[in-house]
Structures are given as structure tokens and as C-alpha cells.
Amino acid sequence: MYVELRDINKSFGNFKASDQVSFGIEKGSFIGLLGPSGSGKTTILRMIAGLETPDSGEILINGKVVNDIHPSKRGIGFVFQNYALFRYMTVYDNIAFGLKVQKADRKYIKERVAELISLIGLNGLEKRYPSQLSGGQRQRVAFARAIAPNPQLLLLDEPFAAIDAKVRQELRTWLRETITKLGITSIFVTHDQDEAIEVADKIIITNKGRVEQIGTPAEVYRDPQTAFTASFFGRTSFLTDYRKFKSFADMENVEQAIVRPEFVKVAKLDENIVYRASASEGIVLQTAFRGNTTELTIEVNGSTIYAHRGLNHPEIKVGEKVNVFLYRIFVTSENKAYLLENKTLSDNSVYI
Amino acid sequence: MKKTDTGITKWLLIGISFLFIFVMLVLPLFTVITEAFRNGWAAYQEAVTDEYTVKATLLTLEATFFAVLFNTIFGLFAAWAVTKFRFRGKKILTTLIDIPVTVSPIIAGLIFVLTFGRQSAIYPILQKMDIDIVFAVPGIVLATIFVTFPFISRELIPVLEAQGTDEEEAAALMGEKWSGIFRKITFPHIKWAFLYGIVLCTARAMGEFGAVSVLSGHLRGKTNTLPLHVEILFNEFKYVPAFAVSSILVLIAIVILVIRSMIEYIGKRNGEDVR
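Residues numbered from 1 in each chain as written. Chains lettered and ligands numbered in written order. Predicted model: local features only at pLDDT ≥ 70, side-chain atom pairs only at ≥ 80, totals over all residues. Heavy atoms only, no water.

Asks: Give a detailed account of the pairing of strand 6 (residues 76-79) of chain A, specifying residues and quantitative values.
Replies: Residue and element names in this part refer to chain A. Here strand 6 shows no split at all, with I76 and F78 on one side and G77 and V79 on the other all buried. Note: strand 6 against strand 7 (residues 153-157), four bridges, orientation parallel. Bridged to F78 within strand 7 is L155. (Buried < 20%, exposed > 50% of the residue type's maximum accessible area, 1.4 Å probe, protein only. Helix = DSSP H or I, 4+ residues; strand = E, 2+ residues; numbered from the N terminus. Pairing = 2+ DSSP bridges.)

Shown next as C-alpha cells:
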């Protein structure tokens, strides 16, 4: 484990920002700290950097307890949410800052900065000030500044939050590729599930100061362990009583039944669908065009659920009656999440 | 219709502003100058080069210099402390900084007389150490410092607050020392507010009358500052010298404003973001 947190606690006044936080990160991995705002993810990042001090617990980097080690001696690079570029310095001076502080050789600084400027694709803009750059360019400069002194660990606080949607997509891919190329252990904080799933090797999900689940994007998405994780990904809806839907196993003490849009099959009444016997009839409350799909809000068996419908199928209108079939649902009990498959799927005899 | 409305409002507002500034500012200034030269250049020269006037001018400059020096250092530290750190009593400190502008200068003067004068408990100690404060130059400097001390910190606090602490944190993370952080990151940011604060502080320090009046004792040639000297001359019905001495204060004020504009001009030419 390259970075390790052991039973970290941190409070700001009455607010518990970290509650017994423990996890480990392997060298060379790219980790996403994912959670809603106020879940304590930024606090974790700032504690690893040494910008905040934990109330209790230990932080280890490369096997050494760093609690009492000055931030600048921890071998980290930090990319701030709003970049925090030095606004009275040029792009060149911003990137060279860390090296100059370390009193590196002048020729080396020149070479290193030139190398980084071409890495971030800002050749020719060395003499610009941050205010003369676009959001995406600033982000790249902040990244270059953070990695200039060759840190062993890179921390990024909401690296894409302040950039518009189109550039964000581009930057994500770029950052992912660049970090993989450099092989630097990185942790980034985000509240955006898509971003975490797309960019990270592993996701650490935080909620209310606690770590909910750690795993690869596929694991945390497909196999949520806690009630929070189950409801966090996707446009989830909750069933008031899942027993009203056909062919699901009965469980005791179920607190919530959660449905994601991809769990739902919607068909017009006159459309042929398999598993029709296990479908329920619902009524469409709302339709919203989402570009590549149409999002439907459907009232069925007393619950309101969201579903997607591809554009290649006949259009469904508001007020129309439809057949709704659920492939699977998540149910939670005592903060644990369980996947329930529709029994029809494993039972071939029900075919029509 | 709407367009003519804003036209009228615009010119009315501009007109009122100009009229107000003319009556309240330009006219009195003009009067000071014409009154000063009423008896011609020779009389003016005589009044200005008078031994007591020269001494009063030097004392004013001395008090101003120390007040600005002290308040620059104090103002910077106070603004830095208030905006960059979280601590108990921060609200109290920011409120206390404002006291000099809310308390009447006369009362400020009296407070110092009571603190350092003959009635005071520390008077014998000061006496033993051979330090005179009341009715002496240190008292004047002290009063000037007191009256002007919010000027610089008040200019700096909003600017520092708006900047936040991210850039400093970024620099600290890369191992920069606090002196370097201040020089390379914080100071470039507050430069113009700082300059403006110094200008305000200097102007106010030179013109201070109330607190200094109580503490000075009006000893001509010893503890008389320019504003006090003007009052004495005026009370002695020496109108031309009174206005002539006033014109010195006006002149210094203009010089300060010109210097400030010049520095700002140079800053703008270098593409910097001036207020």
C-alpha cells in the first residue's frame, strides 16, 4: 500500500467530516474519491496533503507515518479546485515555482518546464498570465505545476468542476492518458459519478464522513454493498412496495427497493415483449427527450419510476398505458444492499 | 420616452455631483490660495518661510512619517492575521481596529493625557526614564498613530478576503517559506490597496487636529504642527499668514495625489490590474 489511512477522525465544530476513515491505495493506481458534497471527500484529500490535521488516526505514505511531516516534505503534488494559479506570474513562472523553491539547477528548470509545457500542449503560451487562458488551459497549467517537482503522489480536488461540459470530456480523457503514461499514483475528488466511473481505476465512495465502499468502477456500480451506494449511481427511483411487482423473491425487513433505469423494460400495450406475464401495467406521467434516449416517468403499482426508451422504438406519449417489466432491483436491509433478479429470467417455462 | 428619461437623470446626477464638489471643495481651495496671495508674493513668502512655520512643517512631516511607518507595519500584520487565520477573538479584533474612526479625536487626545499625564500611575515611571509624552513630540506622534491606524488595514482586509488562501496554500505545499509567500504571492495582490491605504493614511495624518491639539500644548516651534499653527495664526487675526500656511498643507496633499496617480499610471501601463 502506497498511501494508507488508519482510523482517521476529523471534526469542524459539530460537523463530523471524517468518521473512522480507513483505506489503502496501491502504488501507481488512479483513485476516485466519490461522494455527494459535504461527504468529507475533500477533507480526506487535504489531510493526506497536510493542509488539515486529523483529530486522530494515522496517515502513511510509502510506509511512513506523515502526520507530523510538513506538507512540502510529503512528496505530493496538489491540483486545487479553482486551480489557485499564481495570478501575478506567467505560465512559465507558475510551472517553475516548485522547482525554484527547491533551488533546482537553472538549466534543469528550463528543460523541465519546456518539457511540461509541451506535455500539456501550451507551446507558445509561456508568457501568458492565468487570466489570459481558458478554463481548460488553466487546468492543464495547474496540473503541470503540481507535477513539475516530480511528486510521488498527485492529489486533485474536483479537477473538472469548473470547466464546461465539452472541454471536460476532452480533459478527462487527456488526464487519464497522461497520468497512466507518467505512472504517478493519483487520487482525485469528485461528486460526479460518471467522471469517477470513467476515469478511476478504483472508486472510494464516501458519505457523511464515512467510507461506504471501495472497488473498481464495475464493482461499485454493479454490486453495491450499502444502501447509499445502491441509490447513489444513476437516476434511481424507489418502489413503495416491491412485492406488487411480479416474480421477485420475498425478503424480510426490506427498507428500500431501488430501481435504475437500465433495470426497466417499457413497452407499448400492443408491442410484443418476452416475460409479458410478469409485467405490470403503468401509466406514463412524463416524457423527456435526452438526445440519445427518451426518459419516461411512469406510475406503476403505486410507485413512480424512471425508465429509458431507445429512439428506434415507437414513441410513447404522456398518459399512455404501458407494460413495465423489471429485470432486477436492489433491496436494502440494515444498510446492506442485495440484488434481486426477476425469477422469470431463470425460469424458461414462463416464456410466451 | 424611456431614453430621454435616463438622459435627464444622467445629466441631473452629473450636474449635482459637479455642483456639490465645486461648492464644497473647489471654491474653498480656491479661497485658500487667493487669500494666501492677497498681499502679494512677498507677504506669502515671508509667512511661509517664517521660523515657526518651517518648524511646524517639519514636525508635521515627522509625525506623519512615524504614523505611516507604524500603521503600515501594524496594518499589514493585522489584515494578514484577520484574513488568513482562524482564531478566537477575531471579531473583537476587527471591531477594535475601527475604534479610532468612531471615537472623537478630542476624546482620543484626552485618553492619552490621562494615560501618560501627571495624574497617571505610570507618569513617575516615565519621568524616571526621562520620557516626556504629553505636551511633547512623542505625544503628537502617538495621537497621530492612534487616529490613523485603521486606514491601511481597512483597505487591505477586503482585498485579502476576496483572494482566499488557495494560492498561499499551493505555494506552501511546494515548500515556499512564509516570507517568500508574502513577497511573491500576497504582496503583488494587495499592492494597489496598500498604496491607496498609505495615501489615505498620510493625508489624514497630516491634517490631524483634534487629538494632537489636546496633547501638544501648543508650544510654538516645539510642539506645534501645521494645522495647529494655522489655528493660532487665525486666532491672532493674521489671515494672510494663516492662509499661506494652509496652502502648504494643500500643496503637500496635491503632491501626494500626483505621486499616487503616477504610480497607478505606471502600473496600468505594465498591464496590471489597478483597482
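Asks: With reference to specific residues and values, describe the packing of helix 3 (residues 106-119) of chain A against helix 4 (residues 135-147) of chain A.
Replies: Residues and elements named next belong to chain A. It is the contact of helix 3 with helix 4, at a shortest axis distance of 10 Å, that shows an interaxial angle of 145°. In the crossing of helix 3 with helix 4, the sense of the turn from one axis to the other is right-handed. In this structure, helix 3 contributes R112, L116 and L119 to the contact, and helix 4 contributes F143, A144 and I147. Looking at the contact of helix 3 with helix 4, its residues break down into five nonpolar, no polar and one charged. (Axes fitted to C-alpha atoms, helices over the stretch in contact; angles between N-to-C directions. Left-handed = near helix turned anticlockwise from the far one by under 90°. Contact = heavy atoms within 4.5 Å. Nonpolar A, V, L, I, M, F, W, Y, C, P; charged D, E, K, R; others polar.)

Asks: Mind laying out the layout of surface pockets, listing which residues take part and the relevant values?
Replies: If you add up the space inside the largest pocket, you get close to 750 Å³. Taken together, 25 residues line the largest pocket, and the ones lying closest to its centre are A:L51, B:K84, B:F85, B:T165 and B:E169. Mapped onto the lining of the largest pocket, the elements with two or more residues apiece are helix 3 (51-84), helix 10 (166-173) and helix 11 (178-207) of chain B. Take the lining of the largest pocket: its biggest share by element is four residues, from helix 3 of chain B. For the lining of the largest pocket, the class distribution of residues is nine nonpolar, six polar and ten charged. (1 Å grid on protein atoms, 1.4 Å probe; cavity = no way out; pocket = protein on both sides within 12 Å on 5 of 7 lines; lining within 4 Å. Points joined across faces, edges and corners; volume = space filled by probe spheres on them.)

Asks: Outline empty space enclosed by the protein, supporting the account with residue identities and numerical values.
Replies: All names here are of chain B. Considering all chains together, one arrives at one cavity of 30 Å³ or more under this definition. In this structure, the largest cavity occupies an estimated 50 Å³ of space. Lining the largest cavity, in full, are T60, A63, T64, I140, T144, A205, M206, E208, V212, T225 and P227. Listed by contribution, the elements that provide at least two residues to the lining of the largest cavity are helix 3, helix 8 (137-148) and helix 11. Counting residues per element, the lining of the largest cavity draws most heavily on helix 3, at three residues. Tallied by class, the residues present in the lining of the largest cavity amount to six nonpolar, four polar and one charged.

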